[in-house]
Amino acid sequence: MALPLVLTAVVVLVVLIALVEAAGSRLAMPQSLALAALGITLGLVAVAGDAAGPLARVGRLFAELPLSADALILILLPPLLFDAAFRIDARRMLDDGVPIVLLAVVAVLVSTFAVGFVLAPLTGKALAVCLLVGAIISTTDPVAVLSIFRDVGAPARLVRIVEGESLFNDAAAIALFTILITAITMERVSLVDGFLVFLLTGAGGAVVGAATGSLAGALIALTRHHPAALTSVTVALPYLTFLLCEEALGISGAMAVVVSGLATARRAQSGRAVASWRHVHQIWNQLAFWSNSLVFVLAAFLVPTLLSRFDAALALATAAVVGAAFGARAFVLWGVLPMLQRAALAGPISHRARTLLWWGGMRGALTLLLALSVTETDAIGNEAQEFVAVLATAFTAFTILVNGMTLRPLTRLLNLHRLTPFDRNVGAGARAFATARARQKVHTAADRYGIAGEVAARALQAYAAAAAASEATVPASASDRLALALVVLAQAERAALSRHGESAVVSPGVVELLHREAQRMREGARATGRRGYLSAAARITRFPLGFRLALLAQRRLGLRRPLATALAERFERLLVGRLVLAELAPFCKERISPVMGPRIARMCSGILARRAESLGTALAALTLQYPHYAALLEQRFLERIALTEEQREYEALREQGIIGAEVSGMLSEELAAAGRRIASALTLDLSVDKRAMVAAVPLFATLPASTIDGIARVLRTRLAVPGERLIRRGEAGSEVYFLASGAVEVDTGTLKVTLGRGACIGEISAVLGEPRSADVTTLGYGELLVLTGRAFRTLLAGNPALAAEVKALAARRKAEGAGAVRATAGGGAPRDGRREGAGQPSGRTL
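As a starting point, this report considers the structure included with it. (Residues numbered from 1 in each chain as written. Predicted model: local features only at pLDDT ≥ 70, side-chain atom pairs only at ≥ 80, totals over all residues. Heavy atoms only, no water.)

In total, this model carries 11 aromatic pairs according to the counting rule given. The interplanar angle of 25° and the centroid separation of 5.8 Å between the aromatic rings of F82 and F86 together place this pair among those described as stacked. With a gap of four residues between them, F82 and F86 both fall in helix α4 (residues 69-86), about one helical turn apart. Given the relative accessible area of 1%, F86 is considered buried. A ring pair is formed by F113 and F117, whose centres lie 6.2 Å apart and whose planes are at 20°; its orientation type is stacked. (Phe/Tyr/Trp six-rings, centres within 6.5 Å; stacked < 30°, edge-to-face > 60°. Helix = DSSP H or I, 4+ residues; strand = E, 2+ residues; numbered from the N terminus. Buried < 20%, exposed > 50% of the residue type's maximum accessible area, 1.4 Å probe, protein only.)

Another aspect to go through is the sheet that holds strand β7 (residues 775-778). Taken in spatial order, the four strands line up as β2-β7-β4-β5 in an open sheet, and their pairing is antiparallel. Pairing within the sheet leaves two strands with one partner each, and these edge strands are β2 (725-727) and β5 (752-755). Averaged over all pairs of adjacent strands, the angle between strand axes in this sheet comes to 25°, irrespective of strand direction. When β2 meets β7, the two strands line up antiparallel, connected through two bridges. From the neighbouring strand, I727 faces β7, where its bridge partner is V776. (Pairing = 2+ DSSP bridges. Axes fitted to C-alpha atoms, helices over the stretch in contact; angles between N-to-C directions.)

On to the environment of T788, then. With respect to the secondary-structure elements, T788 resides in the loop between β8 (782-787) and α33 (789-798). Given the relative accessible area of 38%, T788 is considered partly exposed. Between the C-alpha atoms of T788 and E735, which are 53 residues apart in sequence, the distance is 4.5 Å. When near neighbours in sequence (up to four residues on either side) are disregarded, T788 contacts R716, S734 and E735. (Contact = heavy atoms within 4.5 Å.)

Moving on: the pairing of strand β4 (residues 744-747). Walk down a regular strand and you will see the side chains alternate between the two sheet faces. Burial along β4 is two-sided: V744 and V746 facing one way and E745 and D747 facing the other are all buried. Following β4, the chain reverses through four residues before pairing antiparallel with β5; G749 in that reversal takes a positive phi of roughly 105°. In this sheet, β7 lies alongside β4 in antiparallel orientation, the contact comprising four bridges. Paired with D747 across the strands is D775, a residue of β7.

As structure tokens, this is what we get:
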């Protein structure tokens, strides 16, 4: 009979929750408050027994429900944690990483110890039991807070901080709760040991979560175009991760689920298979609603039973808990955070925003659930069970009733519900653009359908009034208009990238990276206008940390594959960035000009042209070094576009009934086969034939084959990137470089010379033992052959003719440099100031 009872109770609860949700929305009541009211009402009915009359049977239905707290945690906690992580953009969260860590981890520890050390002397209970109360009440309920924040329009940054806090707060509090339960039951765990276990279980959970998230990534790659299968993978992942950690490894399952959720969110935000991920998000919205609602109602059901034991002593203890918990949160926000801000480790947060964060620490379902689980732990005495459960329940009731009812008025009192001037301007610009487009559509529709002009004019009267009001609120200054236009441009860039990612024209990794950079451009334009936008846009052409590490691995360890991958990613990033900018060029005239004016549109076009020039220069440097790969990449891009357009046309013909299901299926299979042929990533081959490169150096042209073989064995190759300083004037050095491809600029201070393929660089220091006489900088990508000073001198010792030639060249170049100095001092032009072509062979040495 247990299963029918459980099913009946769940079905009844789901129906009641739906009714309460609808009623709460009508009454503008926080969701947590509405659900708590439902649970407490059902609990009162159960406590009343037969006195409840016809409702007594409903009360018994839930009172006799054969579900323990551990079962509820196992069933409902993993999806709650996973959903919270799945919704968050981890990279955006990192911008406020310090305050999030403070509230999620540091504040949990501070609150736990504050409550514990206040309660212990006041109540005479064991310190571990009082710390357990502190750990339980440190879990926050973000659902109600976020719903209120969003309803009243609280700043996006506060919403992001609360989301991040809730993400790691629950995991940290649950880990601390588990450790304290162990300490109470075993009575052999010291404070230091407990703290170490807290760190190790959390770190272990994070590692396991990252591992399961990576393994799930392989399944996600296989199922991302099948929404139902993809949803199944994401539903299974949190349960398997939680069970693996809690049951098999004995580490924090909550932390593991959070990390695996973040890893899955990263894939969902990559821009690939957008329709499938949209389906997954819709399913998870429903699962999260059910999970949170059920756990809240079932936990609140026991509130009347627990509070029936409430007395004056527990009321005093509850007041102490409230003061200690909120005092600890205030200490973190106004004591610790300012110190980190002064050390430039955290961004500024206003006092009003801190006040809202302080008061917004509401408790909810998880707090009640942990309190319930204590009552089922036989190793803890009955008196301690009742003490912990009643205090945690009373504190939760306080935050729901007091904080929950006052948070919305407090937000308005602090004036944090209003949009910033910039956001108001964004809204005004959007409204002005929409009304302008509506007028155009009305005129077009009237002409197409033969509607009289006076009818169209009357239809446009409302839009004319709205447009006049909108134009009056669009920012008047050119700088404000330009900042707003650049925000719109960045958003349009993100939309274009999403279209390319969804159609599989661009690889997901590149879409994700460029999405992130476009978001930075948007935030930069919001903050400082053109300067912030261009500063963020310049990041696209820079060499990121991953590229520099791959370059270092190639130079120090001879590993070329990581560098080939990094170069291929840079190739595609620059190519896609250039193509998206080309798509945005008409946007300025068609969208920006009607709203912001022709002048702002021209300024935006100039900024786009400047960005396109920078991207084109960076791409041209790569193409010059790897022309074959560049052509293949462009060809692959066009092939993907062709397949996407062909698929779109087939779908249109199918919807119009021109082709049937059988024909559509056959054509889709053919397209899928063609797509598989071009799905594999292109390989950028960085392998080099060192012997052939040595033989091509003019200085070695007369050497015997055996000597060339020996040189090829001892030298190493090095890929140089544009703008890299190979040699600095005045420094000591003995390495000699031979330019196999590319070009460098040599600057002696008075003379600048461009050297091309075949040039020898650095031989003066190697031969004469003197400091470097010039700065040498690469002008583009180039392949260098590098000989150490010892190997070069050994080579010269075994080849007298080559030694004599190199020494003569070194002496001549040194004399030429001195001559250039004398000529400059005498007012004449420096000798040999001409520049040679980058790709030209040159035997010139320095």
